[in-house]
Protein chains: 2
Amino acid sequence: MGARTYRTVLIGAGNVASFLKANIKSPFELTCVGGRQRRCPIPKDADLYIISVSDRAIKSVSEELIGVEGLVVHTAGSMPMNVLPQERRGVLYPLQTISKKRQIPASRVPFYIEASKEQDIDLLRLLAESMGSKAEQMDSERRKYLHLAAVFCCNFVNRLYGITADLLEAHNIPFSVMLPLIQETADKVKLLLPSEAQTGPAVRWDEEVMAKQMSLLDDEQKLIYQLLSKSIHDDKLRLDKD
Amino acid sequence: MGARTYRTVLIGAGNVASFLKANIKSPFELTCVGGRQRRCPIPKDADLYIISVSDRAIKSVSEELIGVEGLVVHTAGSMPMNVLPQERRGVLYPLQTISKKRQIPASRVPFYIEASKEQDIDLLRLLAESMGSKAEQMDSERRKYLHLAAVFCCNFVNRLYGITADLLEAHNIPFSVMLPLIQETADKVKLLLPSEAQTGPAVRWDEEVMAKQMSLLDDEQKLIYQLLSKSIHDDKLRLDKD
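Residue indices follow the written sequence of each chain, beginning from 1 at its first position. As a convention, the first chain written is A and the first ligand written is 1, with the rest following in written order. Only residues with pLDDT of 70 or above have their local features reported here, since the model is predicted, and side-chain atom pairs are shown and tallied only from 80 upward, although totals for entire chains, interfaces and linings are computed over all residues. Think of the side-chain values as coming from all heavy atoms in the structure, minus any hydrogens and water.

### Remarks on the environment of Asp166(A)
Short version of the rule: For the purposes of this entry, the term helix denotes a DSSP run of H or I that reaches at least four residues, the term strand denotes a run of E that reaches at least two, and both are numbered from the N terminus. Exposure categories follow from relative accessible area, calculated using a 1.4 Å probe and restricted to protein chains: below 20% of the type maximum is buried, above 50% is exposed, and the middle band is partly exposed. The criterion used for residue contact is that any of the two residues' heavy atoms lie within 4.5 Å.
Structurally, Asp166(A) is set in helix H4 (residues 140-169). Asp166(A) gets classed as partly exposed once you look at its relative accessible area, which sits at 31%. If sequence neighbours within four positions are ignored, Asp166(A) has contacts with Arg159(A) and Asp235(B).

### Examining the domain arrangement of chain A
Residue and element names in this part refer to chain A. Stated formally: Either an automatic procedure or a domain database provided the assignment from which the domain bounds are taken. Summed over both partners, the accessible area (1.4 Å probe) lost when two parts come together is defined as the buried area. For this document, the term salt bridge refers to a Lys or Arg side-chain nitrogen within 4 Å of an Asp or Glu carboxyl oxygen.
We note that the domain assignment places domain 1 (6-138) and domain 2 (143-241) within chain A. Counting from both sides, the interface comprises 14 residues of domain 1 and, opposite them, six residues of domain 2. At the boundary of domain 1 with domain 2, total buried surface from both sides reaches about 780 Å², with 60% on carbon and sulfur atoms. Broken down residue by residue, the surface that domain 1 buries against domain 2 is led by Ser-78, Tyr-93 and Met-138, which jointly contribute 50%. For the pair domain 1 and domain 2, the number of links is one salt bridge.

### Some words on the sheet that holds strand E7 (residues 135-137) of chain B
The pairing of strands in a sheet happens through backbone hydrogen bonds and is either parallel or antiparallel. Residues and elements named next belong to chain B. Filter applied, for reference: For two strands to be treated as a pair, DSSP must find no fewer than two bridges joining them. For every element, the axis is a line fit to its C-alpha atoms; helices are fit only across the contacting stretch, and the angle between N-to-C directions ranges from 0 to 180 degrees.
Strand order in the open sheet formed by seven strands is E2-E1-E3-E4-E5-E6-E7, and the pairing between neighbours is mixed. Two strands bound the open sheet, and with one partner strand each, they are strand E2 (28-34) and E7. Sheet twist, expressed as the mean angle between neighbouring strand axes with direction ignored, is 25°. Of the pairings in the sheet, the one linking strand E4 (residues 71-74) to strand E5 (residues 89-94) comprises three bridges and is parallel in character. The partner of Val-72 across the bridge, within E5, is Arg-89. Lying over the sheet, helix H4 (residues 140-169) contacts E4, E5 and strand E6 (111-115), oriented at roughly 20° with respect to E5.

### Some points on the interface of chain A and chain B
For clarity, the threshold we go by: Polar contact criterion, stated in full: a pair of N or O atoms within 3.5 Å, where within protein one must be able to donate a hydrogen and the other to accept it, and residues adjacent in sequence count only if both atoms are side-chain atoms. Think of it as three bins: nonpolar holds Ala, Val, Leu, Ile, Met, Phe, Trp, Tyr, Cys and Pro, charged holds Asp, Glu, Lys and Arg, and polar takes everything else, Gly as well.
Across the contact, 93 residues belong to chain A and 93 residues belong to chain B. A buried area of about 9100 Å², summed over both sides, lies between chain A and chain B, and 64% of it is on carbon and sulfur atoms. In this structure, the salt-bridge partner of Glu196(B) is Lys101(A), at a minimum N-O distance of 2.9 Å. Along the contact surface separating chain A from chain B lie 42 residue pairs in polar contact (both at pLDDT 80 or more). Counting only elements with at least two residues in the side of chain A that touches chain B, the list comes to helix H2 (55-63), H4, helix H5 (179-188), helix H6 (194-197), helix H7 (201-204), helix H8 (207-214) and helix H9 (219-241) of chain A. A class-by-class count of the residues in the side of chain A that touches chain B yields 49 nonpolar, 21 polar and 23 charged.

### Some words on the nonpolar core
Note the following rule: We define the nonpolar core as a collection of buried residues of types Ala, Val, Leu, Ile, Met, Phe, Trp, Tyr and Cys that are connected through side-chain atoms lying within 4.5 Å of one another.
Met178(A) and Met178(B) are the most contacted members of the largest nonpolar core, which totals 88 residues. With sequence-adjacent residues up to four places away left out, Met178(A) is seen in contact with Thr164(A), Leu168(A), Leu95(B), Leu146(B), Ala149(B), Ala150(B) and Cys153(B).

### So, helix H1 (residues 15-23) of chain B
Residues and elements named next belong to chain B. For clarity, the cut-off: For this quantity, the arc is that covered by the directions from the helix axis to the C-beta atoms.
All buried positions along H1 are accounted for by Ala-17, Phe-19, Leu-20 and Asn-23. Down the axis, H1 shows its buried residues gathered within 160° of arc, on one side only. Away from the buried face of H1 by more than 90 degrees, exposed residues Lys-21 and Ala-22 are located. On its buried face, H1 is in contact with strand E1 (6-11), strand E3 (48-51), E5 and E6.

### A word on the pairing of strand E2 (residues 28-34) of chain A
Residue and element names in this part refer to chain A. Test applied: Assignment of crossover handedness uses the view with strands pointing away from the viewer, where a clockwise path from the first strand over the helix to the second indicates a right-handed crossover.
Direction of pairing for strand E1 (residues 6-11) relative to E2: parallel, over a ladder of six bridges. Considered in E2, the bridge of Leu-10 is made with Val-33. On the question of chirality, the crossover connecting E1 to the parallel E2 by way of helix H1 (residues 15-23) is right-handed.

### Here's the deal with the relation of the copies chain A and chain B
Just so we agree on the cut-off: We place the copies in one frame by least squares, fitting the C-alpha atoms of every residue whose pLDDT is at least 70 in both.
For the match of chain A to chain B, the screw axis carries a shift of 0.0 Å, the RMSD comes to 0.0 Å, and the turn is 180°. Taken together, the rotation angle and the small translation identify this as a two-fold axis. Measuring from the rotation axis to each C-alpha of chain A, the shortest distance belongs to Val157(A), at 2.7 Å. Looking at chain A, 100% of its interface residues are interface residues in chain B too, so the copies touch through the same face.

### Remarks on the sheet that holds strand E6 (residues 111-115) of chain A
All names here are of chain A. In space, the seven strands of this open sheet follow the order E2-E1-E3-E4-E5-E6-E7, with mixed pairing throughout. Of all the strands in the sheet, just E2 and strand E7 (135-137) have a single pairing partner and so form its edges. Neighbour to neighbour, the strand axes of the sheet diverge by 25° on average, direction disregarded. Pairing geometry for strand E5 (residues 89-94) and E6, over five bridges, is antiparallel.

### Thoughts on the side chain of Gln213(A)
With respect to the element layout, Gln213(A) can be found in helix H8. Under the relative-accessibility criterion, Gln213(A) is labelled buried at 2%. A polar contact of 2.7 Å, which involves the side chain of Gln213(A), links it to the side chain of Tyr225(A). Polar contacts involving the side chain of Gln213(A) include one to the side chain of Ser78(B), which spans 3.3 Å. When near neighbours in sequence (up to four residues on either side) are disregarded, Gln213(A) contacts Pro201(A), Tyr225(A), Ser78(B), His147(B), Leu148(B) and Val151(B).

### Remarks on unusual backbone geometry
Residues and elements named next belong to chain A. Residue Pro-27 is bonded to the preceding Ser-26 through a cis peptide linkage, with omega at 5°. Counting through the fold element by element, Pro-27 comes out in the loop between H1 and E2. With a phi angle near 55°, Asn-172 is a residue other than glycine that sits in the positive phi range. Structurally, Asn-172 can be placed in the loop between H4 and H5.

Encoded structure:
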């Protein structure tokens, strides 16, 4: 007689689904995995169904699962739990940037979880912990802001890294020269508030440097430069007033 | 008879000057340090003069040093070396975000150097190496782009961390929940190109999520959201075409 296992269906083939496929382990047991083209029919008697598809597709996929008794969860930060029609439902949101091109240990992927039934919180926590991660409870309303904030400090930050790479490449400077600066910028906010950590021409409002720098940019880069410089300046004025 | 030492004058009292003051060591010997209110008269026979003041003030400070025989350098990323009137001149630019509130080991501060005389490159390299750092040569024209790129991947990135903190604070979520994501976003570009590392609603061009997220923002945040999302999308289209 083995220990209790939880038969788990994973629907999806994107970045998060691939990460979960690679990391889900005992006492959870994947019985059917894949996107729309998967080979396996979805069993109706699994313990857990994880819908890890694009936000748009969650509703229609969840409707294929009407009548199952197991827990049905999605993995989307911005979608409320009640987009799922099941009475026994939940959310398993990994607050991390996950790409197929890069493996990341689950210990670096904190999960934010929610469930309609109290005991299912325990099940989702067990799932996270069995992967070597951890889980915090967060309701749909606050998770929405968590995801929004993540767009700023991850997706948009990465785009700024991309503009950095474009500017350097145009002048034959390798992107790697920026890595100590990128690392220290990230490290600084582990101990200082971002407003305390701010440096550069915009916080000193050095208009001469700013004008010279803007003259080196294309139109889209220039707009980003103006807007973020103004945001740095506005924030400084707000703080100086306090 | 001791080994050769280099008498060094450091003019300035800002973030970079404070960092240099704390880190300059043998064979360099600080003989006079401080901003405009310093107590010491500037000796005319020092080996090295480091002007670490605001970009605007470099010219007038350097004019106080006309006639000295030692090497005169500034520490500004955006200012050309020839803003200095001395024939024996140079630049010592630390490519790092430096704040008085945070000590950083010099080993994490790469210097980009330039000098009008070849042997002064060796002197500036010795200065960097004596601090436990290293130096690369870069001329004024390319250094200008280095500084511009640093504004994007450090100053602007830090402002996005600040907006992140504002959004979370308004919903009583501690900023620390974002640290694993901030770290991974920085780590990812050590191995992937920023364009390969990109995730989030804008790269999928998920207009429903983007519209919902923008409705949660104030006017300035909304403009930043729009502009950076568009920049992510434009970059994706460019790459898909290639």
